[in-house]
Amino acid sequence: MTDVNAAPAPAASAAEVPMVLAEGVSKSFGSNQVLKSISLEVKRGEVMCLVGPSGSGKSTFLRCINHLEAVTTGRLSVDGQLVGYREAGGKLYELSPKDAARQRRDIGMVFQRFNLFPHMTALENVMEAPVLVKGTPKAQAKARALELLDRVGLADRSDYYPAHLSGGQQQRVAIARALAMDPKLMLFDEPTSALDPELVGEVLDVMKGLAQSGMTMIVVTHEMGFAREVADSLVFMDGGVVVETGPPREVLANPQHNRTKAFLSKVL
Amino acid sequence: MSTSASGRGAVGTVPPPHGGHDEPAPIKAVKLRHPWRNVFAVVLVLILVLFVLDAAQRPAYDWPTVAKYLFDRRVSQAALVTLELTALSMLFAIIIGVILAIMRLSPNPVVKSVAWFYLWIFRGTPVYVQLVFWGLIAIIYQTIDVGIPFTEPWVSFDTADLIPVFWIAVIGLSLNEAAYMAEIVRAGLLSVDAGQDEAATALGMSWSQTMRRVILPQAMRVIIPPTGNEVISMLKTTSLVTAVPLTTELYSRTRDISAETFNPIPLLIVASIWYLFFTSVLMVGQYFLEKRFARGIGDRPDAGPGPIVGTPATGVLPAVVQDPTIGAKQGGDAR
């Protein structure tokens, strides 16, 4: 379903341009090749779950999508735009930091360890980027931030500093913070892995709601229940390659590859 | 099971955890005495009292002269010069220090090396020697020329006329201090979790926005306490500008007065009292600054003794906060 070899037709209408298109993407850190020729497509409104053992390159791939890491080879584009580069006359030009930042604005990211700004309250965390990056008037940003905090169920915690929130609450603030930039794509890097088991549910519920609202999401996760219930597609990665991909129910119930079987038998 | 082993009601028994209706009685135990501590304290007080009584009547201290010169106009003006020297030198030192710290973290090896070389020179030589050098600047570089190198200058200034002695002292002090500030700022920047930079970048913030709004405010908690020390240290180092020579500051002025009165001891006391007054004021200021930048770290706003993980309210950043193995960095344990 998501394996793609052909480049998209340049004249394709916006609806047909995939949200994320990776063609032969590889990434090396020195001599260590972390991603090996990844080709994937994520459609508009699709929720894709990336699963696999740690060190399989899932997080690195996610970080490549918003150019926190630069890919070594291949093409990676978001909404038809090449990530991190500008193409002119058959040549690639590295984007200036300003242009790279402009690209990242439209891509929300949620981290395993929340990475909330500890010196700002929940409300300030959510308001910060719209005011600073987009120049949204403060009053407007505040109203929007309160709305988003309400949406993640934390309207009554807006004046709390991150240190005074539980892990699950912090992660929900982090989701609201990413949503405040009105992203067209949300990336989740193991959003529940640092949480106590009883706090995982509240974060997954928020993500589920987000998926139902039509947000395009790529989720690196070990929560197979979430993948089965919410995801449109499931990608199993191991050793830097995509081993298997398909609808989550099919892959989880009937894995085709031995590596997928071995992995699933341990986590399910 | 034998019931005799219960030990119920014995003095010093650990009471069960609180809660329930009948509050358990607090422990009644005979306090452990520390006689030697008390003896030591008494001896300290005795020594102190003896010293004060002796000092009060010892003629060499000449307290009437101290009182006479403490608020002398010449002295208070010199104290103001000392204060100006400290403030200006620290201001420039912090600005240059931040630039040097960022240069040291640059990926460009040349930029990095230049910053390292600066630190090597200015930290590796005594500030007194540097100040003497700066005092001789007008002899080393007699004119300051503006123009294209190796051609006839367009304008030429006489160095001695161009830079007043006061500013030579400020230059000398701030360039030396900048080397120390650079290391303090660098340590502060490195203390901020890398995830903060990532989160800000992912939100589309530019490098300068990330620095200004995310990294520096957090680095401040680490930067302020040692910077406070540096300010206090700078206040005292200004007494060395006599090497330039600038003689209008506190120490030189009191020494000049004592050269007239042939009575140096009371004027040293006068200078010391002023220095102590200024350092005390600075310490109070530092306390409030530290409080300001500890936002989000202290106790929770709505009372209740919440278990906040390893983050004291003072400016000292514990190493554990940076430990990636602790998932509860931002107090994830709090319920």
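Just so it is clear, the structure is predicted and the values come from calculations on it, not from any experiment.

## Observations regarding the overall build of chain B
Here is step 1 of the chain: Scanning chain B for helices and strands turns up twelve helices and two strands.
Here is step 2 of the chain: Order of helices (α) and strands (β) in chain B, N terminus to C terminus: α-α-α-α-α-α-β-β-α-α-α-α-α-α.
Here is step 3 of the chain: Here chain B holds 335 residues, and 37% of them are scored as buried.
Here is step 4 of the chain: Within chain B, counting contacts between residues at least 6 apart in sequence, those at least 24 apart form 68% of the total.
Here is step 5 of the chain: Element-wise, carbon and sulfur atoms account for 69% of the exposed surface of chain B, whose accessible area totals about 20,700 Å².

## So, a nonpolar patch on the surface
Residues and elements named next belong to chain B.
Here is step 1 of the chain: On the surface, Y128, V129, V132, F133, L136, I139, I140 and Y141 cluster together into a nonpolar patch covering about 770 Å² of accessible area.
Here is step 2 of the chain: At the level of secondary structure, the elements contributing two or more residues to the nonpolar patch comprise α5 (127-135) and α6 (137-140).
Here is step 3 of the chain: At four residues, the largest contribution of residues to the nonpolar patch is made by α5.
Here is step 4 of the chain: Here L136 lies in the loop between α5 and α6.

## A short note on the confidence of the model for chain A
Here is step 1 of the chain: Of the residues in chain A, 94% have a pLDDT of 70 or more, and the chain-wide mean is 91.
Here is step 2 of the chain: This model gives residues 1-12 of chain A a pLDDT under 50, and the stretch forms 21 contacts once residues within four places in sequence are excluded.

## A short note on the sheet that holds strand β4 (residues 73-78) of chain A
All names here are of chain A.
Here is step 1 of the chain: Strand order in the open sheet formed by four strands is β2-β1-β4-β5, and the pairing between neighbours is antiparallel. At either margin of the open sheet sits one strand with a lone partner, and together these are β2 (32-42) and β5 (81-82).
Here is step 2 of the chain: Two strands pair when backbone bridges link them, and strand β1 (residues 20-29) and β4 are joined in this way by five bridges, in the antiparallel orientation. Bridging from a neighbouring strand, V20 pairs with V78 of β4.
Here is step 3 of the chain: Strands β1, β2 and β4 of the sheet are contacted by helix α1 (residues 58-65), whose axis makes an angle of about 65° with β2.

## A word on the confidence of the model for chain B
Interpreting fine coordinate detail is not advised for predicted regions of low pLDDT.
Residues and elements named next belong to chain B.
Here is step 1 of the chain: Looking at chain B as a whole, its pLDDT mean stands at 84, while 82% of the residues score no less than 70.
Here is step 2 of the chain: The least confident element of chain B, judged by mean pLDDT, is helix α7 (residues 159-162) at 84; the most confident is helix α4 (residues 109-124) at 96.
Here is step 3 of the chain: Ignoring residues within four places in sequence, the model shows residues 1-12, a span with pLDDT below 50, making five contacts including any to other chains.
Here is step 4 of the chain: pLDDT under 50 marks residues 301-335. Its contacts with residues more than four places away, or in other chains, come to 65 contacts.
Here is step 5 of the chain: Of the two predicted TM-score estimates for the complex, the pTM is 0.77 and the ipTM is 0.89.

## Section: the sheet that holds strand β8 (residues 107-110) of chain A
Residues and elements named next belong to chain A.
Here is step 1 of the chain: In spatial order, the strands read β8-β9-β10-β3-β11-β12; together these six strands make up an open sheet with mixed pairing. Whereas interior strands pair on both sides, the edge strands pair on one side only; in this sheet they are β8 and β12 (241-246). Between one strand axis and the next, the sheet turns through 15° on average, direction left out of account.
Here is step 2 of the chain: One ladder, built from four bridges, connects strand β3 (residues 47-51) with strand β11 (residues 233-238); its direction is parallel. Pairing of L50 across the sheet is with V235, part of β11.
Here is step 3 of the chain: Helix α5 (residues 167-179) rests against β8 and β9 (185-189) of the sheet, and its axis sits at about 170° to β8.

## Re the nonpolar core
Residues and elements named next belong to chain A.
Here is step 1 of the chain: Core analysis: the largest hydrophobic core is formed by 68 residues, its most contacted members being V20, L50, F61, I65, L76, L185 and I218.
Here is step 2 of the chain: Among all residues touching L76, those that are not within four sequence positions of it are V20, L21, A22, V25, F61, C64, I65, V71, Q81, L82 and V83.
Here is step 3 of the chain: Within the second largest apolar cluster, 51 residues are counted, among which are L148, L165, I175 and M224.

## Structural notes on the packing of helix α3 (residues 122-134) of chain A against helix α4 (residues 138-151) of chain A
Residues and elements named next belong to chain A.
Here is step 1 of the chain: One way to put it is that α3 packs onto α4 with a least axis distance of 9 Å and a crossing angle of 130°. With respect to each other, α3 and α4 are oriented oblique. Considering the relative orientation of α3 and α4, their crossing is right-handed. On α4, the residues that touch A122, L123, V126, M127 and V131 of α3 are K138, A141, K142, A145, L146, L148 and L149.
Here is step 2 of the chain: Counted by class, the contact of α3 with α4 contains ten nonpolar, no polar and two charged residues.

## What to know about the pattern of salt bridges
Residues and elements named next belong to chain A.
Here is step 1 of the chain: On inspection of all chains with the given rule, the structure shows 21 salt bridges over all chains.
Here is step 2 of the chain: One salt bridge connects R144 with D182, and the closest N-O pair in it is separated by 2.6 Å. Within this pair, whereas R144 is found in helix α4, its partner D182 is found in the loop between α5 and β9, the two being separated by 38 residues in sequence.
Here is step 3 of the chain: By relative accessible area, D182 is classed as partly exposed at 46%.
Here is step 4 of the chain: Among the charged side chains, a salt-bridge network with shared partners connects R44, D79, D106 and K184.

## A closer look at helix α9 (residues 258-267) of chain A
Residue and element names in this part refer to chain A.
Here is step 1 of the chain: All of the buried residues in α9 are T260, F263 and L264. The arc that holds every buried residue of α9, seen down its axis, measures 95°, which confines them to one face. Among the exposed residues of α9, those oriented more than 90 degrees off its buried face are N258, S265 and K266.
Here is step 2 of the chain: On its buried side, α9 packs onto β3, α7 (224-230), β11, β12 and α8 (248-253).

## Focus: α4 of chain B
Residue and element names in this part refer to chain B.
Here is step 1 of the chain: Taking 1.5 Å of rise per residue, the 16 residues of α4 would be expected to cover 22 Å, and the 21 Å separating its terminal C-alpha atoms lies within 8% of that figure.
Here is step 2 of the chain: A115, Y118, L119 and F122 are the residues of α4 that are buried. The buried residues of α4 occupy an angular sector of 95° when projected down its axis, which confines them to one face. Structural note: α4 exposes P109, V110, W120 and G124 on the side pointing more than 90 degrees away from its buried face.

The rules behind the values
- Residues numbered from 1 in each chain as written.
- Chains lettered and ligands numbered in written order.
- Predicted model: local features only at pLDDT ≥ 70, side-chain atom pairs only at ≥ 80, totals over all residues.
- Heavy atoms only, no water.
- Helix = DSSP H or I, 4+ residues; strand = E, 2+ residues; numbered from the N terminus.
- Buried < 20%, exposed > 50% of the residue type's maximum accessible area, 1.4 Å probe, protein only.
- Contact = heavy atoms within 4.5 Å.
- Areas by Shrake-Rupley, 256 points an atom, 1.4 Å probe, with all protein chains shown as cover.
- Patch = residues over 30% accessible without salt bridge, like charges linked within 9 Å, V, L, I, M, F, W, Y side chains within 5 Å.
- Salt bridge = Lys/Arg side-chain N within 4 Å of Asp/Glu carboxyl O.
- pLDDT = per-residue confidence, 0-100.
- Pairing = 2+ DSSP bridges.
- Axes fitted to C-alpha atoms, helices over the stretch in contact; angles between N-to-C directions.
- Core = buried A, V, L, I, M, F, W, Y, C linked by side-chain atoms within 4.5 Å.
- Parallel < 35°, antiparallel > 145°, perpendicular 65-115°, else oblique.
- Left-handed = near helix turned anticlockwise from the far one by under 90°.
- Nonpolar A, V, L, I, M, F, W, Y, C, P; charged D, E, K, R; others polar.
- Arc of directions from axis to C-beta.
- Expected span 1.5 Å × (residues − 1).

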